[in-house]
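# Overview (structure and organization)
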Amino acid sequence: MSDLQKLHQAVIDGDWKTAAAVTEAAIAEGTAALTIVNGCLVPAMAEVGRRYECEEYFVPELLLAARAMKASMQIVRPLLTATGAQPVGRVVIGTVKGDLHDIGKNLVASLLEGGGFEVIDLGADVAPERFIEAAAARHADLVALSALLTVTMTSMKTTIDAFQTAGLREKVKIMVGGAPVTQQYADAIGADGYGESAGAAVALARKLVAA
Amino acid sequence: MSRLGEWLAGGPFITDGAWGTELQARGLAPGAAPDTWNVTHPERVEAVARAYVEAGSQIILTNTFRANAVAMEGDLEAINRAGVAISKRAAAGEALVFASIGPTGKMLIAGEIGEEQAQAAFSAQAAALTAAGADALLVETMSDIAEARLAVAAAKSTGLPVIVSFAFDSGKNKDRTMMGATPEAVAAAMVEAGADAVGANCGVGVEHTAPVCRRLHAACDLPVWIKPNAGLPIIENTLEGPTVRYDMSAEVFASHFTALREAGASFVGGCCGSTPDFIRALVRARANARCA
């Protein structure tokens, strides 16, 4: 188990080489893939999210930690799939139409992946119909919408309305976030949840899929 | 004395306020790139620029914040040149024109773009802005020191004075950039990069700006450029859907002028949420400060 402690630390330190090496070694010793994810990667990324939340970590530290987590996940994922383990939930994520900013969205996507979700990232400037297509095709539990600008966050409403029109609104939970977005705005446009920060988004996603 | 030093000998400069919201008030669609209006609706962009000159701005910017090849597509050479030409027409010799260069919107540290790509985008923009006759170049709303270094290097190669300004909006005291950089780290790196002035813009509202200004001023000998937001945006539900307003009056905003001056600001203006009225209020505040 000391190895998993090392992996935990490697993710927190953003050291992807050590993270990959320790993961390989742990698997060779017979550690179960699910143990690595749930016993190590998820708590490590939760700690990273906490530090980001407390503003001890900033974007660079978060990105490096996410890279280390992904280096480990890359090794573990094929084994997980082979055992038929299910993710915590499936999330379709993207920055809404008209908005090309993807920094915040990428952070949330990384933290969600680190939180055990399967993340389908549609990128930036995503039209409502692409969110709908992806959510339907991939049987998503959650749709996460990002916007950086006050002028583009209205596309969040358009997207939620499009889910309604397509008759899919009840099939998915929709969460929103981004610099100009507030709880009040989320309520006004009929979103199921609002995350004030990237860290809060993971807790919210868990709550929404459990609901 | 440097060109910037000569200009500043006349006392603190009042710069301009927000452009995006002013363009929206003149019909720019939400989500549309304001920069393209330099080519498609030059008269409306000029109306915004002129409103700031008439309000008393001694320096106006250009509507070119996003016009680098990483952040947007289109005929960027034409958009940048037109942006400077519009501001120069509006200034009509009454104000200086500092051309705006914004961030790429991509992260070097995440490998989303390479240094060469960012450098090439900034160089092309800086060259177009300079050829069109800008008085100085303003690299603004930066959060990453590494990216700002590339932009400053590109801007400096034109020979124009270069101001570089960061958005301090993170950390417990809102005194870090999104990438975690402190005012001291920014000042040291930008002195090293050869910037002629350093500053803070956008961020989380004018009430948080004086401490950042003071720290930038204490950390280096460069003039300090300050352009804060008018508080934070407030979302309101209207019949047309949610709209955004900034809940700070021009007078309240301008009441921070003295604190910013005492904190060492040489240039004072407004960012998101500010209007020509805010500039008028700043001009009055400066006059009052001189008479006090």
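Coordinates for the structure precede this section.
This section reports on the structure supplied with the text.

Calculation notes
Residues numbered from 1 in each chain as written. Chains lettered and ligands numbered in written order. Predicted model: local features only at pLDDT ≥ 70, side-chain atom pairs only at ≥ 80, totals over all residues. Helix = DSSP H or I, 4+ residues; strand = E, 2+ residues; numbered from the N terminus. Rg over C-alpha atoms; globule rule 2.2 N^0.38 Å. Buried ≥ 20, exposed ≤ 12 C-beta atoms within 10 Å, placed from the backbone. Contact = placed C-beta atoms within 7 Å. Pairing = 2+ DSSP bridges. Right-handed = clockwise from strand over helix to strand, strands pointing away. Core = buried A, V, L, I, M, F, W, Y, C linked by C-beta atoms within 7 Å. Domains from an automatic or database assignment.

## Remarks on the overall build of chain B
- Counting secondary structure elements, chain B contains 12 helices and 10 strands.
- Relative to a compact globule of 292 residues, whose C-alpha radius of gyration would be 19 Å, chain B shows 18 Å and is just as compact.
- Considered along the principal axes of its C-alpha atoms, chain B spans approximately 50 × 45 × 40 Å.
- Residue burial in chain B is summarised as follows: out of 292 residues, 59% are buried.

## A look at the interface of chain A and chain B
- With 21 residues of chain A at the contact, the number on the chain B side is 20 residues.
- Elements that contribute at least two residues to the side of chain A that touches chain B include exactly helix H4 (59–83), helix H7 (154–165) and helix H8 (183–188) of chain A.

## What about the sheet that holds strand S1 (residues 90–95) of chain A?
Residue and element names in this part refer to chain A.
- Strand order across the open sheet formed by five strands is S2-S1-S3-S4-S5, with parallel pairing between neighbours. The outermost strands of the open sheet, each flanked by one partner alone, are strand S2 (118–121) and strand S5 (193–194).
- As defined by bridge partners, strand S3 (residues 142–146) adjoins strand S4 (residues 173–177) across five bridges and the pair is classed as parallel. By the bridge assignment, Leu142 is partnered in S4 with Lys173.

## Some words on the pairing of S2 of chain A
All names here are of chain A.
- Residues Val119 and Asp121 line the buried face of S2, whereas the alternating positions Glu118 and Ile120 sit on a face that is not buried.
- For S1 and S2, the ladder comprises four bridges, and the chain directions are parallel. In the strand pairing of S2, Val92 is matched with Ile120.
- Following the backbone out of S1, through helix H5 (residues 103–114) and into the adjacent parallel S2, one traces a crossover that is right-handed.

## Notes on the environment of Arg214 of chain B
- You can see Arg214 of chain B is positioned in helix H9 (residues 209–219).
- Sequence-distant contacts of Arg214 of chain B, that is, excluding residues within four places in its chain, are made with Ala263 and Gly264 of chain B.

## Overview of the pairing of strand S7 (residues 224–228) of chain B
All names here are of chain B.
- Of all five residues in S7, five are buried; the element is thus mostly enclosed.
- Neither face of S7 is exposed, since Val224, Ile226 and Pro228 on one face and Trp225 and Lys227 on the opposite face are all buried.
- With five bridges connecting them, strand S6 (residues 197–202) and S7 associate as parallel partners. If you follow Gly199 over to S7, its bridge partner there is Trp225.
- Considered for its hand, the β-α-β crossover made up of S6, H9 and S7 is right-handed.
- Across three bridges, S7 lies against strand S10 (residues 265–268) in parallel orientation. Within S10, the position partnered with Trp225 by the bridge is Phe267.

## Remarks on the nonpolar core
- By size, the foremost hydrophobic cluster in this structure holds 175 residues, and its most contacted members are Val11 of chain A together with Leu137, Val139 and Val198 of chain B.
- If you tally residues by element for this core, the top one is H4 of chain A, at 10 residues.
- Per-domain counts for this core show at least three residues from each of domain 1 (2–83) and domain 2 (90–210) of chain A.
- With residues up to four places along the chain from it excluded, the contact list for Val198 of chain B reads Val164, Val186, Ala187, Met190, Leu216, Cys220, Leu222, Val224 and Trp225 of chain B.

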